[in-house]
Amino acid sequence: MDRFDAMNAFARVVETGSFTKAAETLRMSKTSVTQLVQQLEARLRVRLLNRTTRKVNVTADGAAYYERVIRLLADMDDAETSLSSASEAPRGRLRVDVPSPLARMILVPALPAFHARYPDIQLDMGVSDRIVDLIGENVDCVVRGGEMADQSLMARRVGDLRLGVYAAPSYLERAGTPVHPRELEDTHHRIVGFLWSRTGRALPYAMRRGGESVNVHGRYVLAVDDGNAYLAAGLAGMGVLWLPDYMSKAHLERGELTPLFQDWRLDSMPLYVAFPPNRHVSAKLRVFIDWIVELMGRYAPAAGLGKDGHVPIPAPVPPPIPAP
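None of these values were measured; they are calculated from a predicted model.

A. Molecular detail of the sheet that holds strand 13 (residues 241-244). The three strands lie next to each other as 13-7-14, forming an open sheet whose pairing is antiparallel. At either end of the open sheet lies a strand with only one pairing partner, and these are strand 13 and strand 14 (258-260). Going across the sheet, the axis of each strand differs from the next one's by a mean of 50°, ignoring polarity. The strands that helix 10 (residues 245-253) touches are strand 7 (163-167), strand 13 and strand 14; relative to strand 13, the one it contacts most, it runs at about 105°.

Structure representation (structure tokens):
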């Protein structure tokens, strides 16, 4: 028995709650994972997991052992990455998930420079606006816009996205130009709805002007759950949009979008990198996060951060617009 493989298998079973899911994330057979954990229990002469036909629960001894195992695995990773060659050239596979517009407009175009700097890092990039189970899907980190609702995660704030309200000229020619946000509620005007992944529902948009404050729900004929589709629908004249500056800039310059309610203010949307609290921040993950901070500094630098860029997870607050 390889003790490192056995401890790693045990930790993954605890984190995923399943031998099957642990095997999938480790790219091993379920039989191999089961045998490793059984061999570990035999060596320790203690039951680490209680198994039923439906789920796996960690025992009291197993929970105490797990806490020590994850520290040991992190120390082993630190020992490897502390070598000068590893520190200078982080390497290995990194699994991340990022919002689709951010990937298309900012991250992917900048990846050649990242690869030139870190040629030994292999990126597996999921591109979506869905909720990701970081542990169950063995994802190292996600990039998401809006306040962090999952307080079990660690997060680093990497940017603040300025927001605006826009519509395509074709829409305004057909429906007219609204002069007050309330006109989007009960008239012939329409918005493009965004189905937020946490609720499957469209959320209101908070806007302020002086002492006046409104939450705009709007009426829509189309709602989508993807940022790229959301933008495409607005450009096609399907309704009014709420967008971060980086998504609207090029279309404004080409006359494909017109700004609305410019005397109204919307709070900036925070952009976070989130990762599991028990997941060791490896050298490859650390340089990827630093690269995101550097990159967003050109588009939407985060304001009001501490020296290390870390902030506490705020209370759950629904984001005002779809994930960027």
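B. Inspection of the confidence of the model for the protein chain at higher detail. Per-residue pLDDT for the protein chain averages 83, and the proportion of residues at 70 or more is 85%. Mean pLDDT in the protein chain bottoms out at helix 5 (residues 84-88), which sits at 54, and peaks at strand 14, which reaches 97. The model gives residues 305-324 a pLDDT under 50, and that stretch makes 65 contacts with residues more than four places away or in other chains.

C. Quick peek at helix 10. Residues Tyr-246, Met-247, Ser-248 and His-251 constitute the buried set of helix 10. The inward-facing, buried residues of helix 10 abut helix 6 (100-117), strand 6 (154-161), strand 7, helix 9 (227-235) and strand 13. One or two positions beyond helix 10, positive phi appears at Gly-255, with a value near 75°.

D. Layout of the nonpolar core. Membership of the largest hydrophobic core comes to 60 residues, with the highest contact counts inside it found for Met-207, Tyr-230, Val-240, Trp-242 and Trp-291. Broken down by element, the residue count for this core peaks at eight residues, all from helix 11 (residues 283-299). Within the second largest apolar cluster, 21 residues are counted, among which are Ala-6, Met-7, Ala-9 and Val-69.

E. Highlighting the packing of aromatic side chains. What the rule picks out here adds up to seven aromatic pairs. Seen from their ring centres, Phe-10 and Tyr-65 are 5.6 Å apart, and the 45° between their planes marks the pair as tilted. Placement of Phe-10 in helix 1 (residues 3-16) and of Tyr-65 in helix 4 (residues 60-81) is noted, with a sequence separation of 55 residues between them. Tyr-65 shares its class with Phe-10; the two are buried.

F. Structural view of the packing of helix 1 against helix 2 (residues 19-26). Across the interface, helix 1 lies against helix 2 with an axial gap of 8 Å and an inter-helix angle of 125°. Between helix 1 and helix 2, the angle is such that the two are oblique. In the crossing of helix 1 with helix 2, the sense of the turn from one axis to the other is right-handed. Of the residues in helix 2, those touching helix 1 at Asn-8, Ala-9, Arg-12, Val-13 and Thr-16 are Phe-19, Lys-21, Ala-22, Thr-25 and Leu-26.

G. Representation of the environment of Ala-74. Of note, Ala-74 is situated in helix 4. Residue Ala-74 is classed as buried on the basis of its relative accessible area of 16%. When the C-alpha positions of Ala-74 and Val-281 are compared, they lie 8.5 Å apart, and in sequence the two are 207 residues distant.

Cut-off values and rules
The numbering scheme is per chain: residues are counted from 1 as the chain's sequence reads. Reporting of local features is limited, given that this is a predicted model, to residues whose pLDDT is at least 70; pairs of side-chain atoms are given and counted only at 80 or more, and all residues count toward the totals for whole chains, interfaces and linings. Heavy atoms from the whole structure form the basis of all side-chain values; hydrogens and water molecules are not counted. One bridge is not enough; two strands pair if DSSP finds at least two bridges between them. Helix numbers and strand numbers start at the N terminus; a helix is a DSSP run of H or I with at least 4 residues, a strand a run of E with at least 2. Axis angles are defined between N-to-C directions and span 0 to 180 degrees, where every axis is a line fitted to C-alpha atoms and, for a helix, only to the segment in contact. In what follows, a contact means two residues having at least one pair of non-hydrogen atoms within 4.5 Å. How sure the predictor is of each residue is captured by pLDDT, a score from 0 to 100. Any residue under 20% of the maximum accessible area for its type is buried, any over 50% is exposed, and the rest in between are partly exposed; the area is computed with a 1.4 Å probe on protein chains only. We define the nonpolar core as a collection of buried residues of types Ala, Val, Leu, Ile, Met, Phe, Trp, Tyr and Cys that are connected through side-chain atoms lying within 4.5 Å of one another. Ring pairs are drawn from Phe, Tyr and Trp, using the six-membered ring of Trp, whenever the two centres fall within 6.5 Å, and their geometry is named by plane angle: stacked under 30 degrees, edge-to-face over 60, tilted for the rest. By definition in this entry, angles of less than 35 degrees are roughly parallel, angles greater than 145 are roughly antiparallel, angles of 65 to 115 are roughly perpendicular, and the rest are oblique. Left-handed is the label given to a crossing in which the near helix is rotated counterclockwise from the far helix by less than a right angle, and right-handed is the label when the rotation is clockwise.

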